[in-house]
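Residues per chain, in single letters:
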Amino acid sequence: MKGPSDMTTLAGKTALITGGGRGIGRAIARRLAADGARVGVHYGSNATAAKETVTAIEAAGGQAFVVHAPLGVRGDAEALWAAFDPQADGLDILVNNAGVLGDQAEIQDVTDANFDRVFAVNTRASFFVTQHGLRRLRDGGRIINIGTMLTRGSAMPASIAYAMSKGALDVLTAMLAKQLGPRGITVNTVAPGVIDTDMHEGRLVGDALTWVSSLSPMGRVGTPADVADTVAFLASADSRWVTGQWIDVSGGTLL
Ligand SMILES: NC(=O)c1ccc[n+]([C@@H]2O[C@H](COP(=O)([O-])OP(=O)(O)OC[C@H]3O[C@@H](n4cnc5c(N)ncnc54)[C@H](OP(=O)(O)O)[C@@H]3O)[C@@H](O)[C@H]2O)c1
């Protein structure tokens with residue numbers, strides 16, 4: 001993690017991280033703020049975590065503000081931007097990170113309700129947050145979608161609905177990269193492997209942890225910072241010639 005003395009690369013930029021209060025989103029928020037961005041920390045229900053993230057950023061000398069909007073409901077994108085706009089003058093970096101894993105079930109056991117929920121939060125909300133965000137996003141900006149390694153490998157068939165919902169984001173990345181290239185906006189997907197966060201609800205212990213760790217040739221589970229550091233590259237000017245890409249951040253799990 002960079003410190004305040006390195007705060008230069010994103011100076012003057014404004015970022016919005018959906019689901020920025022916890023887990024991977026928190027690590028992204030903290031890293032982009034450390035790089036100099038003013039960061040909107042969006043949350044859906046955990047206000048405490050979002051405020052803690054803002055406090056930690058400010059304690060490190062950075063700038064951040066909270067944006068509240070539950071996703072996966074009608075009008076979610078409009079509500080998010082209505083909460084964002086009074087606190088910021090436009091946008092340079094949008095990170096579509098908020099997401100849910102849903103029930104772990106193979107196709108025969110996936111319910112309508114679970115399928116709809118996963119798609120409403122992971123796919124539909126990301127789509128409309130981006131749609132409404134485009135008129136705020138300045139030329140030369142960045143869109144980074146947080147996907148999953150599971151769209152290029154089927155190691156976990158019980159994540160079928162989740163992986164499908166993220167597969168749609170991969171298509172969003174490619175289509176938007178083509179459309180927004182003339183504005184100098186890059187659009188990329190970061191595809192993590194298994195990362196130790198609340199999403200796994202305490203399941204990454206014992207034999208399960210041993211098995212998941214063995215999936216990577218590096219022999220461990222990923223950390224939120226592993227993902228945030230790749231996002232920081234894609235948010236920076238250094239990635240200006242990288243667009244429409246799907247970047248594996250799984251410690252080589254798919255090799
Ligand atoms: N952990 C992994 O192994 C892994 C692997 C690959 C990809 N990913 C992806 O990485 C992203 C972050 O995951 P994570 O592991 O950090 O998960 P997490 O610790 O469970 O955090 C999820 C975040 O998304 C937000 N969120 C979830 N549902 C929401 C809703 N309905 N409305 C608004 N916000 C909502 C949460 O907000 P609140 O704090 O308000 O609840 C929280 O900030 C997700 O898109 C996930 O699919 C994770």
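The structure reproduced in this document is the subject of the present report. This one's a predicted model, so the numbers in the text were calculated from it and none came from an experiment.

Here the focus is the site of the ligand. By nearness alone, 30 residues border the ligand, and Asn97, Tyr162, Lys166, Thr197 and His200 come closest of all. Between the ligand and Arg22, the relevant distance is 2.8 Å, taken from an oxygen atom to a side-chain nitrogen or oxygen of the residue. In the complex, the protein chains occlude 93% of the 880 Å² of accessible area that the ligand would expose alone. Those elements that provide at least two residues to the shell around the ligand are helix 1 (23–34), strand 2 (38–43), helix 4 (112–133) and helix 5 (160–180). The class makeup of the residues in the shell around the ligand is 14 nonpolar, 12 polar and four charged.

A few words now on helix 2 (residues 47–59). Here helix 2 is 13 residues long and its end C-alpha atoms lie 18 Å apart, about the 18 Å a rise of 1.5 Å per residue gives. Buried within helix 2 are the following residues: Ala49, Ala50, Thr53, Val54 and Ile57. Take helix 2 and look down its axis: the buried residues cluster within an arc of 140°, on one side only. What points out from helix 2, more than 90 degrees from its buried face, is the exposed set Thr48, Lys51 and Ala59. On the buried face of helix 2, the contacting elements are helix 1, strand 2 and strand 3 (63–68). Following helix 2 by one or two positions, Gly61 has its phi on the positive side, about 95°.

Conventions we followed
Residues numbered from 1 in each chain as written. Predicted model: local features only at pLDDT ≥ 70, side-chain atom pairs only at ≥ 80, totals over all residues. Heavy atoms only, no water. Near = heavy atom within 4 Å. Polar contact = N/O pair within 3.5 Å; in protein donor to acceptor, adjacent residues only side chain to side chain. Areas by Shrake-Rupley, 256 points an atom, 1.4 Å probe, with all protein chains shown as cover. Helix = DSSP H or I, 4+ residues; strand = E, 2+ residues; numbered from the N terminus. Nonpolar A, V, L, I, M, F, W, Y, C, P; charged D, E, K, R; others polar. Expected span 1.5 Å × (residues − 1). Buried < 20%, exposed > 50% of the residue type's maximum accessible area, 1.4 Å probe, protein only. Arc of directions from axis to C-beta. Contact = heavy atoms within 4.5 Å.

Distances and angles like these do not, on their own, reveal function.
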